[in-house]
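Analysis of the macromolecular model
Residue strings, one per chain:
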Amino acid sequence: MSTEVEMSIYVLVLAVPLGLQLVQRVSPLLHTPLMSLTNAISAISVVGAILIAGSGEAPRLSRVLGCLAVTTSTINIVSGFLITDRMLKMFRKKDSGKEHGS
Amino acid sequence: MTGDIWQFAYIIAALSIIGSIKWLSSPVTARRGVLAGQGGMLLAVIGTLLRHEVINYEWVLICFFVGAAIGAPLAYLMPMTAVPQLTALSHAFGSLAAALVGTAEYYRYVGAGHAATGFTMTALVVETILGYLTCTASIMAFGKLQELVPTRPITYRGQNVVNLVLLAVAIALGVWMIVEPTPFWVFPAFTGLSLLFGVLLIIPIGGGDMPTVIALLNSYAGAACAAMGFALGNRLLIIAGSLNAASGFILSVIMCNAMNRSFLNVLFGAFGQVQEGTVAQASTRPVRSATAEDAAQIMSGARKVIVVPGYGMAVAQAQHKLRELTDALTRRGVEVEFAIHPVAGRMPGHMNVLLAEADIPYDRLHEMEDINPEFAEADVALVIGANDVVNPAARHDTSSPIYGMPILDVDKAHTVMVIKRSMSPGFAGIDNELYYMDRTLMLFGDAKAFVGEIVKELPAH
């Protein structure tokens, strides 16, 4: 096994338990914002999409597919973050809630 | 040195993404979490654009514009009640991107005439199959949530066998591609099977199980990204992807636990299908119904009212009227609390978001374990559009498909009021004995209109 691959596997085995730990503590109140935030983060595939869409040596078919991928992952990023933001703006505590209404 | 800037950008991006999930765990730091996530994503994109492999900028920038022009209106125009659909749709786009990158990489290797290593090829195959199946599965989930596709589980004889065979064939084609260069038709066939499998995976799953399914799809999308990281030797992708896979997985486990069901049961169980026998004998038993005026009288005399919202509240968009009722009752000295079942609604935390939209303070919303002991001292439990999560059959009826699911103990309250359109059994087709109790008053009508009437009928104070 090359060191490159070995390092990648190390990263994986460290990141998975970290993810499990981080999410276990999220309050159920925030489960929906968490879903849409991680939904936006899953569009990190934009990195791979840019690499192939902007590449000089990939065949045309690959570059076209890459461009499509940049578009769809951007849709995912933009809508994911905006909706998370919209949602979080709505969460308030008792005091500020009363100020706002009644 | 300048050539390495992108590596620093990637490291900071990875840290930001970890921080963003951590900060999202509390409402106080949640906004910071979103900012960190956005910052991390921006750094990842900028870092990638700075890499010397990237030389064609025009098309990439045009694609950013097109994507933003589609994504932004999507997020702003959708009403809050449609968050589950929007998330599903957004997922479909994201996982399609992962699959397309996998496809593009595959053809890049084919075009270059040299085969990828077995390891890279394995990662590509995993990325592509997960990406395509998550894409169509998310589109199907979107269709079910938007009710473009029937929300009831669709089943047929031998369904699980058909699905498993299909998956096995797709995997076999994948393995073939890994071990040797294949004829040109293999990759398209592999793609088609993955897409088809995604559709078939969701067809037998009912709308009530959508919280679990959406979380699971999130997990798959993350896993596809992590696989892409292996294929490209990109550790940022591995970190972000596996964080995502882990978080989606944990959430779907939490949802399964909340229903006391196993993963396999959610995926292959076809909830609600088994129940046709009991539906027929349901509607003949007598129930007590009441008017808005009666309900208003009882509530204004109560000390404590616990509201139990469900998907029906989302459908009727009743959350704002509910806020008015809460305010009116609070002014009269009535204590109003909200009991949120973990799987109420169509995605994890769905009810919390809707009540927050209506400006109901989040410290009034209580989780099941915290509020259950309080029902015994509540004068009124007001059930709005919730059904299975308050069905006492879950406690004692071993033949019920929801047997064993932890429920909200609304039947312990002094008076139970249920706002419901009609006596037709709920989504899962399971009859609810709560409706036939002596202490239960059925309030028939549209949830939004009915709550509005109760507010009007409240006696002056």
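Everything in this summary refers to the structure shown in the same document. (Residues numbered from 1 in each chain as written. Chains lettered and ligands numbered in written order. Predicted model: local features only at pLDDT ≥ 70, side-chain atom pairs only at ≥ 80, totals over all residues. Heavy atoms only, no water.)

Thoughts on the overall build of chain B
- The helix and strand inventory of chain B stands at 18 helices and six strands.
- The C-alpha radius of gyration computed for chain B amounts to 25 Å, which stays within 12% of the reference 23 Å derived for 461 residues, consistent with globular compactness.
- Over its C-alpha atoms, taken along the principal directions, chain B stretches across nearly 80 × 50 × 35 Å.
- Here chain B holds 461 residues, and the buried ones make up 59% of them.
- The long-range fraction of contacts in chain B, counting pairs at least 24 apart against all pairs at least 6 apart in sequence, stands at 77%.
- Carbon together with sulfur atoms contributes 64% to the accessible area of chain B, which is approximately 18000 Å² in total.
- Averaged over its 27 positive side-chain charges, chain B has a centre that lies 1 Å from the centre of its 34 negative ones. (Helix = DSSP H or I, 4+ residues; strand = E, 2+ residues; numbered from the N terminus. Rg over C-alpha atoms; globule rule 2.2 N^0.38 Å. Buried < 20%, exposed > 50% of the residue type's maximum accessible area, 1.4 Å probe, protein only. Contact = heavy atoms within 4.5 Å. Areas by Shrake-Rupley, 256 points an atom, 1.4 Å probe, with all protein chains shown as cover. Lys, Arg positive; Asp, Glu negative; His and termini not counted. Charge placed at Lys NZ, Arg CZ, Asp CG, Glu CD.)

What about the pattern of salt bridges?
All names here are of chain B.
- Enumeration over the complete set of coordinates arrives at 15 salt bridges over all chains.
- The residue Arg-51 makes a salt bridge to Glu-53 at a minimum N-O spacing of 3.0 Å.
- The exposure class of Arg-51 is buried, given its relative accessible area of 11%.
- Between Arg-323 and Asp-327 there is a salt bridge, and its shortest N-O distance comes to 3.0 Å. Taken together, the positions of Arg-323 and Asp-327, both in helix 14 (residues 319-331) and four residues apart, correspond to about one turn of that helix. Asp-327 carries the same exposure label as Arg-323, and that label is buried.
- Among the ionic contacts, a cluster of salt bridges with common partners joins Arg-395, Asp-409, Asp-411 and Lys-412. (Salt bridge = Lys/Arg side-chain N within 4 Å of Asp/Glu carboxyl O.)

Structural notes on the interface of chain B and chain A
- Contacts between chain B and chain A engage 103 residues on the former and 86 residues on the latter.
- Carbon and sulfur atoms supply 75% of the area that chain B and chain A bury against each other, a total of about 8400 Å² over both sides.
- It is Met41(B), Arg108(B) and Arg235(B) in chain B that bury the most area against chain A; as a group they hold 8% of the surface buried on that side.
- Connecting chain B to chain A are three salt bridges.
- With a closest N to O distance of 3.7 Å, Arg31(B) and Asp85(A) form a salt bridge.
- For the pair chain B and chain A, the number of links is 21 residue pairs in polar contact (both at pLDDT 80 or more).
- If one sorts the elements of the side of chain B that touches chain A by residue count, helix 4 (residues 83-112) of chain B sits on top with 17 residues. (Buried area = accessible area lost by both parts, 1.4 Å probe. Polar contact = N/O pair within 3.5 Å; in protein donor to acceptor, adjacent residues only side chain to side chain.)

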